[in-house]
Amino acid sequence: MSFAERKDAPLPNSLPRPPGEFEQLAEVWKPPRGWRIFSAVNNTYVGLMYIGAALLFLVLGGVLALMMRAQLAVPDNDFVDYDTYNQLFTMHGSVMMFLFAVPVVEAIGILLLPAMLGARDLPFPRLSAYAFWAYAIGGLLFFGTIFFDVAPDGGWFMYPPLTGTEYSPGIRTDFWLLGIGFIEISAIAGAIEIVVGILRTRPPGMTLGRMPIYVWAMLVIGGMIIFAFPPVIAATALLELERAFDWPFFVSAREGDPVLWQHLFWLFGHPDVYIIFLPGAGLVSMMVATLAQRELVGYRWVVASLIATGTVSFLLWAHHMFSVGMSPASTLFFSVASLFVAIPAAVQVFAWIATFASGTVRRTASTWFLLGFFGIFVLGGLTGVMLAAVPFNWQAHDTYFVVAHLHYVLIGGMVFPVFAAIYHWAPVVSGRQLSERAGKWGCALMFIGVHLTFFPMHIAGMAGMPRRVWTYSESAGWDVWNLLSTAGAMVVAAGVLVVLVDLILHLRPADKVDTNPWNAGTLEWLPLDSYAARSIPRVEGRYPLWERPALREEVDSGQHYLPGSVTGMRETMVTSAIEARPEYLLRLPGPSWLPLLAGLGTAVFFFALTVKFMWVALAGAALAVVAILRWLWEGDPRPGGKLHAVGGGVELPDYMSGARSHGWWGVVVLLLVNGSIFASFLYSRFYLAYMADAWPPPGVGIEGGWFDAVSGAATIISIVLACIASSLLKKGLLKKGLQRKGRAGWFAAATVLGMVTLSLAFAVQCHAARGADPTLHAFAATAWALLCWQGVNVILSALMATYTLARLATGKLDAVRRATFDSTWLVWLYTALQGLVMLGVS
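Owing to the predicted nature of the structure, the values given are computational and were not obtained by experimental measurement. What you see as residue numbers is a count from 1 along each chain, following the sequence as written. In keeping with the predicted nature of the model, local features appear solely for residues at pLDDT of at least 70, side-chain atom pairs appear and are counted solely at 80 or more, and the whole-chain, interface and lining totals rest on all residues. To get the side-chain values, take all heavy atoms of the structure and skip hydrogens and water.

Concerning the pairing of strand β3 (residues 644–647)
- Pairing geometry for β3 and strand β4 (residues 650–652), over three bridges, is antiparallel. Bridge pairing links H644 to L652 in β4.
- Two strands pair under a simple rule: DSSP has to find at least two bridges between them. Secondary structure elements follow DSSP: runs of H or I of four or more residues count as helices, runs of E of two or more count as strands, with numbering from the N terminus. In this structure, the hairpin formed by β3 and β4 is closed by a connection of two residues, where G648 is found at a positive phi of approximately 65°.

Okay, structure coming up:
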């Protein structure tokens, strides 16, 4: 243990603070006012707007659910017709899963994580703001389709062949396929922010073993989003290509297979259930410890169970596909995996029970929501174990039993913890508590309503009621159960309404918050202002406020790290990923309209592309790209050239490049997403090859031989040129100034030639596939899908190289200030290596 980590070590800044330091800090972090609030980028404002938008979509999705329940309340009802009902249940599922469940867990993370980590903000504030605006604007456009009778109607899972052009002409399905695009972008942007923020902006001393459980949960789900969302991105791209250009990925007559969609969709869909549940579990672990006024029992076991759940969730996707026909070995594997995943969830439940049992529990509104969570989620888990048994699954599949199970798990595992968290952490935002009475009434109504709504669905499902039917005959005997479910839905709505009214009446964000009503032990309960905590604390354990009662006063008086703005800009401290040792100061951007413009452009691009307004789509894409490039241009400030004292004898630089840079970590995470999408395309090709009668079919092939040799040689040359360009920087060839004639030229020449050879390799691969018509057979279609993805990466590499050269030409790139080239270099090498992999599978 180092001197700085000892409990008896002196405070980093124990001397009186210089005059004007606090005022300067407050001025630097001064939030925008009035209508300019929409230009805010720091986590407090973005997180609150994010949560507000998610709750709006919860209400909108709930209204759709009430309309569905009104239609099903009595037999042979004609409240809505079948076509409207199909749109209602498709939009309800899509809104709840894509516009509420995943966004709200990321939104809570963006709001709470910086405070829990003792950081001033997460490392990419404008990325968080962009993720919000793309989601909010795009989500409202997507929801608006229901008012114009063009809402998707193929179910939130969009199974082919029903969603192919033969059975779903028009643009309803396209609105889902392209409309989900902005949500995928937003979720991945949020995951990059969360993962890099957790790993690189923790306070000194907060090792991985000292992180709060909620931080662990968010780190796990950030990793899950990175690997779970790419399969559905690939699936939506393939189905849209099939609908737009007749490439037969899911058409069995041309060796496609509609079951491929199910594999790709559930490779996303089942992990997504745990992406929704695990943050709720993390919140529960935090609240249980605080309400019981003791440390969480079994901290290491709970962390291990979070990691185990996240890992095993990727082995369960065919749990949803037992009825499609699988080999006995495959069926056994997925059944056992489905049973096994209950074990780590049970570990957490027992840890919570043990913590409550061994502490003195405070009975707040949050406590009642947590008890409701236990009662609902455990029952949902038990029916999940039932569905893991294959013979039972065959009988219950596509019945209302599955609908009941899904809602017990999602409402119990996510909605109740989120509402508990709202009542628990509201004082962090407003400085005062919400109404305990309203919270308890809302909890009671929701708890009763959930059981009244969904327990009868188990019985209706066992009686044979299938999912997705818009009406039924009185002779079926389902009328009593449906009437009870409809009444229960009204009770749930009343409970949600009570909570939302309480929020509207009593939640008012405050500039300065100094309260800890629950005597919590973690850092988000430090005194907070627009700049978060006054100084970044030194952490000595898992519950710093319990272990050092004076910490709140010490931090607020500036006695810990970075008590002011040493660079004159917004800034936070970047620490090492494992031990959280200080490495450098990260200068953060201030308010800007660019994220809003980029989000608007992204939403317009996808919406206009759906309705075939191509010029509008191009304009939206251009707006998004220009806004992003502009904020990146501003986001790489010139190094100060000196070390800054931050306290405790620690002096840090204000710039970092290479593998220690937060930007490098962000690009690596993005490339993991990129590689996972590529792997999903490869999986599609291998799966269809395995299922096909002939692969490749007679007369449909891709030329190899010298084409592969030329493409491979060009790719290798491009890799060599990338290494030469990087070496020029590392060896300091450019240290004396890139503007000197000749020295900048070598670097520019290596970069340009590298892009030319990379593009040549791609062009040769396309030329080799020129004789393979992608409309004739899935073999050619999958080959061209891979080429399209490689083309996207080549274009991205060329765009980044052009941007790098522009910074070179303006004197903003040198041996020290090289973060831009580091990012370009990573994407360049990845694209080249991906091209070599394609040569091996063509």
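On we go from here.
A short note on the pattern of salt bridges
- We define a salt bridge as a contact between a side-chain nitrogen of Lys or Arg and a carboxyl oxygen of Asp or Glu at a distance within 4 Å. Tallied over the entire structure, the rule returns 20 salt bridges.
- Where R660 meets E583, a salt bridge forms, and the shortest distance between an N and an O atom there is 3.8 Å. With a gap of 77 residues between them, R660 in the loop between β4 and α20 (662–691) and E583 in strand β2 (residues 582–588) connect regions that are remote in the sequence.
- Exposure classes here rest on a 1.4 Å probe applied to the protein chains alone. A residue is buried below 20% of its type maximum, exposed above 50%, and partly exposed in between. Take E583: its relative accessible area is 16%, and that puts it in the buried class.
- R587 is the partner of D654 in a salt bridge, and the nearest nitrogen-oxygen pair spans 3.9 Å. Taken as a pair, D654 in the loop between β4 and α20 and R587 in strand β2 lie far apart in primary sequence, 67 residues in all.
- On the basis of relative accessibility, which here comes to 6%, the residue D654 falls in the buried class.
- Taking the relative accessible area as the measure of exposure, R587 reaches 13% and is therefore buried.
- Connected through salt bridges with shared partners, the residues D83, D149, D153 and R172 form a single ionic network.

Observations concerning the side chain of D822
- Position of D822 among the secondary structure elements: in helix α24 (residues 819–841).
- Polar contact is defined as a pair of N or O atoms within 3.5 Å, subject to the rule that within protein one atom must be able to donate a hydrogen and the other to accept it, and that residues adjacent in sequence are counted only when both atoms are side-chain atoms. Among the polar contacts made by the side chain of D822, one reaches the main-chain amide nitrogen of G658 at a distance of 2.8 Å.
- Only 2.8 Å separates the side chain of D822 from the side chain of R818, close enough to count as a polar contact.
- In what follows, residue pairs with any heavy atoms lying within 4.5 Å of each other are defined as contacts. Look past the residues within four positions of D822 in its chain and what remains in contact with it is S657 and G658.

Description of the nonpolar core
- Residues belong to a common nonpolar core when they are buried Ala, Val, Leu, Ile, Met, Phe, Trp, Tyr or Cys residues joined through side-chain atoms within 4.5 Å. F100, F419 and W425 are the most contacted members of the largest nonpolar core, which totals 252 residues.
- Leaving out residues up to four positions away in the same chain, F419 has contacts with L58, F369, M446, V496 and V499.
- Core analysis: the next-biggest nonpolar cluster, separate from the first, contains eight residues, L25, V574, Y584 and L588 among them.

Some words on helix α19 (residues 614–634)
- Taking 1.5 Å per residue, 21 residues should reach 30 Å; α19 reaches 30 Å between its end C-alpha atoms and fits that length.
- The set of residues buried in α19 consists of A617, G620, A624, A627 and W631. The buried residues of α19 all sit within an arc of 100° when viewed along its axis, so they share a single face. Turned more than 90 degrees from where α19 packs its buried face, W615, L618 and V626 sit exposed.
- On its buried face, α19 sits against α4 (125–144) and α18 (594–610). A helix's residues, less one, multiplied by 1.5 Å, set its expected span. Note: the arc covers the axis-to-C-beta directions of the helix.

Quick word on empty space enclosed by the protein
- In the cavity and pocket records, a cavity denotes points on a 1 Å grid over the protein atoms alone where a 1.4 Å probe fits but cannot get out, a pocket denotes an open set with protein on both sides within 12 Å along at least 5 of 7 lines, and lining residues are residues with an atom within 4 Å of a point. Grid points are joined across faces, edges and corners, and a volume is the space filled by probe spheres set on the points. The full count for this structure, using the stated rule, is seven cavities of 30 Å³ or more.
- Of the pockets and cavities examined, the largest cavity occupies roughly 140 Å³.
- Residue polarity is assigned by list, with Asp, Glu, Lys and Arg as charged and Ala, Val, Leu, Ile, Met, Phe, Trp, Tyr, Cys and Pro as nonpolar; anything else, Gly included, falls into the polar class. Grouping the amino acids of the lining of the largest cavity by side-chain chemistry returns ten nonpolar, two polar and two charged.
- As a volume, the second largest cavity reaches approximately 60 Å³.
- Lining the second largest cavity, in full, are P212, I213, S285, M286, A289, Y299, T522, R542 and Y543.
- The greatest single-element share of the lining of the second largest cavity, amounting to three residues, is contributed by helix α7 (residues 258–292).
- Its residues assigned to classes, the lining of the second largest cavity shows six nonpolar, two polar and one charged.

A look at a nonpolar patch on the surface
- Like charges are joined within 9 Å and nonpolar side chains (Val, Leu, Ile, Met, Phe, Trp, Tyr) within 5 Å, but only among residues with over 30% relative accessible area and no salt bridge; these make up the patches. Working definition of accessibility: Shrake-Rupley area with a 1.4 Å probe, residue cover restricted to the visible protein chains. A cluster of nonpolar residues, L497, V501 and L505, forms a patch on the protein surface that exposes about 270 Å² of accessible area.
- Within the secondary structure, L505 is located in helix α15 (residues 479–506).

What to know about the packing of aromatic side chains
- Each pair of aromatic rings taken from Phe, Tyr and Trp, with Trp reduced to its six-membered ring, is defined by centres within 6.5 Å and is described as stacked if the planes are under 30 degrees apart, edge-to-face if over 60, and tilted in the remaining cases. In this structure the tally under the stated criterion is 49 aromatic pairs.
- Here the aromatic rings of F229 and F268 are separated by 5.1 Å at their centres, their planes lie at 75°, and the arrangement is edge-to-face. Residue F229 is found in helix α6 (residues 213–245), and its partner F268 is found in helix α7; the two are separated by 39 residues along the sequence. For the pair F229 and F268, one class covers both residues: buried.
- Considering the side-chain rings of W261 and F265, the 6.1 Å spacing of their centres and the 15° angle between planes classify their relative orientation as stacked. On the criterion of helical spacing, the pair formed by W261 and F265 is a turn pair, its members being four residues apart in helix α7.
- Residue F265 is classed as buried on the basis of its relative accessible area, which comes to 0%.
- Over a ring means this: the NZ of a Lys or the CZ of an Arg is within 6 Å of the ring centre and within 35 degrees of the ring normal. The ring of Y299 has R542 lying over it, and the distance from NZ or CZ to the ring centre is 3.7 Å.
- The cationic tip of R685 hangs over the ring face of F779; the distance from NZ or CZ to the ring centre is 4.5 Å.

Some thoughts on the packing of helix α2 (residues 43–72) against α4
- Here an axis means a line fitted to C-alpha atoms, over the contact stretch when the element is a helix, while the angle between two N-to-C directions is reported on a 0 to 180 degree scale. Packing of α2 against α4 brings their axes to within 10 Å, and their N-to-C directions diverge by 20°. Relative to α4, α2 is oriented roughly parallel. Here α2 runs over α4; the crossing is left-handed. Contacts from V46, M49, Y50, A53, A54, L56, F57, L60 and L64 of α2 reach α4 at S128, A129, A131, F132, W133, Y135, A136, G139, L140 and F143.
- Here the residues of the contact of α2 with α4 sort into 17 nonpolar, two polar and no charged. Each angle receives one of four descriptions, namely roughly parallel if under 35 degrees, roughly antiparallel if over 145, roughly perpendicular if within 65 to 115, and oblique otherwise. Note: crossing handedness is left-handed where the near helix turns anticlockwise from the far helix by less than a right angle, and right-handed where it turns clockwise.

Considering the environment of G139
- Here G139 shows up in helix α4.
- Looking at G139, the relative accessible area reads 0%, which means it is buried.
- Taking C-alpha positions, G139 is 40 Å from R552, a pair spaced 413 residues apart along the chain.
- Ignoring sequence-local partners within four residues, the contact set of G139 consists of F57, L99, A134 and F182.

Section: the confidence of the model for the protein chain
- In the predicted model, the protein chain carries a mean pLDDT of 93, and 97% of its residues have values of at least 70.
- In the predicted structure, residues 1–5 sits below a pLDDT of 50 and forms eleven contacts with residues beyond four places in sequence or in another chain. pLDDT is a per-residue confidence score from the predictor, ranging from 0 to 100.

Observations concerning the side chain of T820
- Looking at where T820 falls in the secondary structure, it is placed in helix α24.
- Overall, T820 belongs to the buried group, its relative accessible area being 10%.
- With residues up to four places along the chain from it excluded, the contact list for T820 reads D636, Y803, T804 and R807.

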